[in-house]
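# Summary of the model geometry
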Amino acid sequence: MKKTGICITLTIVLMGIGCKQDDKKAMLSEKKQFLTEKDTFLLPPNILKGNSLKMGAHPMANQINTFLSNQVLTTDFKPSANKKEDYLKVIEKQVRAMLKYQDSNGHIIDPVEKTEKYYTTPCFAHSVSALVASSYIQKNDLLAERGMKALDIALVDMVNATVNGNHGDFYTWPVMMAYSLFKPYASKERLAEWDRKINSIKIEKLYATYDKSEGNNWVLVHTSGEFLRNINGFTNTDYVEKMLGIQLNNFTELGMYNEHGNPLPYDLFPRHYLSGMLQLGYKGKHAVKMRDNLWKGAWTSLFMQSPFGELPTGYRSSHHIWNEAEQCVLFEIYASAYAKSGRVSEAGAFKRAASLSLESIKKWIRMDGSGFIVKNRFPIEKRHGYEKYSMHTCYNMLATSMLAQAWQFSNDEIEELPSPADIGGFVLPILKPFHKIIANASGTYLEYETEGDNMYNPTGIVRVHLKDGNPQLGPSNGLAPYFSGEGTYMATGPSWRTKDGSWESLAKQQAITPEVEIIKERQDLVKFKVTYNLGDQKKSIETITIEKGKVTVNNEFKGIEAEKRITWPMLVFDGENNTKIELNQSEVSIGLKEKAIKFSVLNNVNGQLKRTGTPIEYVNGIAEGVYFDFTADKIRYSLESTAVFD
């Protein structure tokens, strides 16, 4: 007997929406006794005892407790106006933009590549199914039929193992989600055909990473899809349990998933699927280990999020809008889990984080309703900042499939409360194996790459998101060879002359693990020091202070007697607009879309700020270096929000 399908209806009832936060906590705590194990299974039971986490429950227990204490004291917080329906608004614009690309068979054809790309079609089907299941569109809407037609052909390709680009690993999850949501609206004949095809899938032929043991997000994506086939009665759990037993060993102490190159987008990518498995009732033999890893990872992701809702930059696939969509899924799941457990503060923080991510996505919608899949505004034909596998249709539909999940797991009765991205007050070193430092004070945010690679990320300050500023101006990414050309490395940071007269930069250093010292962590001010031993008794020491709307860096050089330089990669063109630039001896200001940022040399050091005059491509557009040469052993400089100028 086949099961009835996925039940994704969330029935969170929060009492006293208009009450004070403490009153809500009291009322919700009374409901805990009525909760079943399934209601709270996403959360380790021991963390629900008491008002604070015990040391050892999470590597960040101290930062989490401090955040929750500061959250209660925050008085200037303004929640967004986002509701569950806002996910559907973005989805509808996107899928209607894709309709013109659907062929007579149901495939979605990429307008640039002139062929179907990867898993566009099943993600389109899932995205449309959410619109139908929510009654956002009627079942007789042409779009509904087009979505079912996409599911029809996706299943044909799965059965025949003819999916585009050998990407069958990515089909099963969105196909099974679409199957469940479309099921009440499909004819008996169509549903019977879907059942027949799903039952006849040969996973050893369909999945490119079938039965592979190495760390790879593809494996967990198709494993999650197999779980959905299981709960719908089409297969058993043997394969799921086997692959989870192997892959859960790739999680770190912070609950992050590690694969080659330490890409931050693919840390969260498998985690958001596995969290969906728990939300939908996975209770297998690896459930407790999976739950504990995912809970830890959810908090780590919450603290890593930028105040503009962005996932940190880090190796391949960064800066794609699906980075923020996967955050929406994860954060909605944990908002619901905490709400069910009566924990208003935590639920509100995760709800707020989901909304911040959605707001980020909204800023990257094109005129036709589709998205700029990468955070720049070049025409899609330019493929500027794209990976080799980045495709307009595929990555737009991946994002909307994720947003469909976020809608399914979302509940409007959870009120937004300040998140770590809003409040700050922490320095979070994630040195092994992800070589990052995330720091935030009062919503001004900095990302530091401690060990750059030879492709995507230079060493040093790679992101500054200033409170109330424009995140692209910070800058939001450093410059490295993959997008900027061989030998190009530029972060916000120091360089120095070598004996042969050439310039060497901290940005170019690789495989040197620095000493990191956290000096101060207050909500309104954080301070930390990064020291690099460069050999021959040479050192670069950066002491970084972050306040609301301002970052100040004191750079000290030891054992380096030659000329030095501080460089800032300045955005000059985002694909649509040139930035406005004002430069004088010690300051340069740039403005874009009614926001401006100022880079200043602060101490009395002889020298003058200059532009390189050389435009350099990078993921967010076109950059140009601004530099300041000097001979002193110390220099102090800052980045801060400034008034908009003409």
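A few points on the structure. Because the structure is predicted, anything quoted here is derived from the model rather than measured.

## Some points on the overall build of the chain
Scanning the chain from terminus to terminus reveals 17 helices and 18 strands. Taken over the C-alpha trace, the chain has a radius of gyration of 25 Å; the compact-globule value for 646 residues is 26 Å, and the two agree within 12%. In the chain, which comprises 646 residues, the proportion classed as buried is 63%. Restricting to contacts in the chain with at least 6 residues of sequence separation, those with at least 24 account for 69%. Looking at the chain as shown, the accessible area adds up to about 24100 Å², and 46% of this sits on carbon and sulfur atoms. Once the 77 positive and 74 negative side-chain charges of the chain are each reduced to a mean point, those two points are 3 Å apart.

## So, the pattern of salt bridges
Inspection of the entire model under this criterion finds 32 salt bridges. Across the pair R196 and E193 runs a salt bridge, and its minimum N-O distance is 2.7 Å. Taken together, the residues span about one helical turn, with R196 and E193 both in helix α7 (residues 188–199) at a distance of three residues. Residue classification places R196 among the partly exposed positions, given a relative accessible area of 47%. Through salt bridges with shared partners, one network takes in D86, E359 and K362.

## Points about the pairing of strand β11 (residues 564–573)
Here is the key point about a regular strand: its side chains alternate between the two faces of the sheet. With nine of its 10 residues buried, β11 lies for the most part within the structure. Sheet analysis places strand β5 (residues 493–497) next to β11, joined by four bridges and oriented antiparallel. If you follow S495 over to β11, its bridge partner there is R565. The pairing of β11 with strand β17 (residues 621–630) spans nine bridges and is classified as antiparallel.

## Some thoughts on the packing of helix α3 (residues 84–99) against helix α4 (residues 120–133)
With their axes 10 Å apart at the nearest point, α3 and α4 run at an angle of 130° to one another. Considered as vectors, α3 and α4 are oriented oblique to each other. Between α3 and α4 the crossing geometry is left-handed. Contact with α3, carried on its side by L88, I91, E92, V95, M98 and L99, involves F124, S127, V128, A130 and L131 of α4 and no other residues of that element. Classifying every residue of the contact of α3 with α4 gives nine nonpolar, one polar and one charged.

## Side note on the packing of aromatic side chains
All told, the structure shown has 35 aromatic pairs when counted by the stated rule. Seen in terms of ring centroids, Y334 and F350 are 6.0 Å apart; in terms of plane orientation they differ by 35°. Their pairing is tilted. Residue Y334 is found in helix α13 (residues 321–340), and its partner F350 is found in helix α14 (residues 344–362); the two are separated by 16 residues along the sequence. Accessibility expressed as a relative area gives 0% for Y334, which makes it buried. According to the relative accessible area criterion, F350 is buried, its value standing at 0%. Centroid distance Y389 to Y395: 6.3 Å. Interplanar angle 75°. Geometry classified as edge-to-face. Grouping aromatic residues by their ring pairs yields a cluster made of Y119, F170, W173, W218, Y266, F269, Y273, W322, Y389 and Y395. Across the ring face of W503, the terminal group of R565 is positioned such that the distance to the ring centre comes to 4.1 Å.

## What about the environment of H126?
Structurally, H126 can be placed in helix α4. A sequence separation of 496 residues divides H126 from I622, and the C-alpha atoms of the two residues are 36 Å apart. Apart from the residues within four sequence positions on either side, H126 is in contact with P174, M177, A178, L181, S401, A404, Q405 and Q408.

## Structural notes on the state of the cysteines
With the rule as written, the count across this model stands at zero disulfides. Unpaired in terms of disulfides, C123 finds its nearest cysteine sulfur in C394, a separation of 6.6 Å. A relative accessible area of 2% means that C123 is categorised as buried. Look at C394 and you get buried, because its relative accessible area is 0%.

## Quick notes on the sheet that holds strand β4 (residues 460–465)
The four strands are arranged β1-β2-β3-β4 in an open sheet whose pairing can be described as antiparallel. If you trace the sheet from one side to the other, it starts and ends with β1 (424–430) and β4, each paired once. Ignoring strand direction, the axes of neighbouring strands in this sheet form an average angle of 10°. As defined by bridge partners, β1 adjoins strand β2 (residues 436–441) across six bridges and the pair is classed as antiparallel. Looking at β2, one finds that V427 is bridged to A439.

## Looking at the pairing of β1
Burial within β1 is extensive, with six of its seven residues counted as buried. If you look at the hairpin formed by β1 and β2, you'll find five residues sitting between the two strands, and H435 has a positive phi there, around 40°.

## A word on the packing of α4 against helix α6 (residues 172–182)
Running from amino to carboxyl end, α4 crosses α6 at an angle of 25°, the nearest separation of the two axes being 8 Å. Classified by the interaxial angle, the pair formed by α4 and α6 is roughly parallel. The two elements α4 and α6 meet at a crossing, and its hand is left-handed. Facing α4, whose interface residues are P122, C123, A125, H126, V128, S129, A130, V132 and A133, α6 presents P174, V175, M177, A178, L181 and F182.

## Structural notes on the side chain of T209
Note that T209 resides in the loop between α8 (203–206) and α9 (217–231). Within the local environment of T209, its side chain forms a polar contact with the side chain of H222, the two groups lying 3.4 Å apart. Not counting chain neighbours up to four residues away, the residues in contact with T209 comprise D169, N216, W218, V219, H222 and Y239.

Analysis parameters
- Within each chain, residue numbers correspond to sequence positions counted from 1 in written order.
- Note on the predicted model: pLDDT of at least 70 is required for a residue's local features to be given, and 80 or more for side-chain atom pairs to be given and counted; whole-chain, interface and lining totals, by contrast, use all residues.
- The basis for every side-chain value is the complete set of heavy atoms in the structure, and neither hydrogens nor water enter the calculation.
- Runs of H or I in DSSP of at least four residues are treated as helices and runs of E of at least two as strands, each being numbered from the N terminus.
- We compute the radius of gyration over the C-alpha atoms and compare it with the globule rule, which gives 2.2 Å times the number of residues raised to the power 0.38.
- Throughout this description, buried means an accessible area under 20% of the type-specific maximum (1.4 Å probe, protein chains only), exposed means over 50%, and partly exposed covers the range between.
- Residue contacts are counted whenever heavy atoms from the two residues lie within 4.5 Å of one another.
- For the area figures, the Shrake-Rupley method with a 1.4 Å probe applies, and any residue is considered shielded solely by the protein chains shown.
- When charges are counted, neither His nor the chain ends are considered; positive counts come from Lys and Arg and negative counts from Asp and Glu.
- One atom stands in for each charge, and that atom is NZ of Lys, CZ of Arg, CG of Asp or CD of Glu.
- Salt bridges are identified by distance alone: a Lys or Arg side-chain nitrogen within 4 Å of an Asp or Glu carboxyl oxygen.
- Each pair of strands is called paired provided DSSP finds at least two bridges between the two strands.
- Axis lines are fitted through C-alpha atoms, for helices just across the contact stretch, and the angle between N-to-C directions can take any value from 0 to 180 degrees.
- Note that the term roughly parallel is reserved for angles under 35 degrees, roughly antiparallel for angles over 145, roughly perpendicular for angles of 65 to 115, and oblique for everything else.
- Crossing handedness: left-handed means the near helix sits turned counterclockwise from the far one by under a right angle, and right-handed means the same turn made clockwise.
- Under this grouping Gly is polar, as are all residues other than the nonpolar Ala, Val, Leu, Ile, Met, Phe, Trp, Tyr, Cys and Pro and the charged Asp, Glu, Lys and Arg.
- Between 30 and 60 degrees the pair is tilted, below 30 it is stacked and above 60 it is edge-to-face, where a pair is any two Phe, Tyr or Trp rings, Trp via its six-membered ring, whose centres lie within 6.5 Å.
- We call a charge positioned above a ring when the Lys NZ or Arg CZ atom is no farther than 6 Å from the ring centre and deviates by at most 35 degrees from the ring normal.
- Throughout, disulfides are identified as pairs of cysteine sulfur atoms within 2.5 Å of each other.
- Polar contacts here mean pairs of N or O atoms no more than 3.5 Å apart (in protein, one a potential hydrogen donor and the other a potential acceptor; neighbouring residues in sequence count only if both atoms are side-chain atoms).

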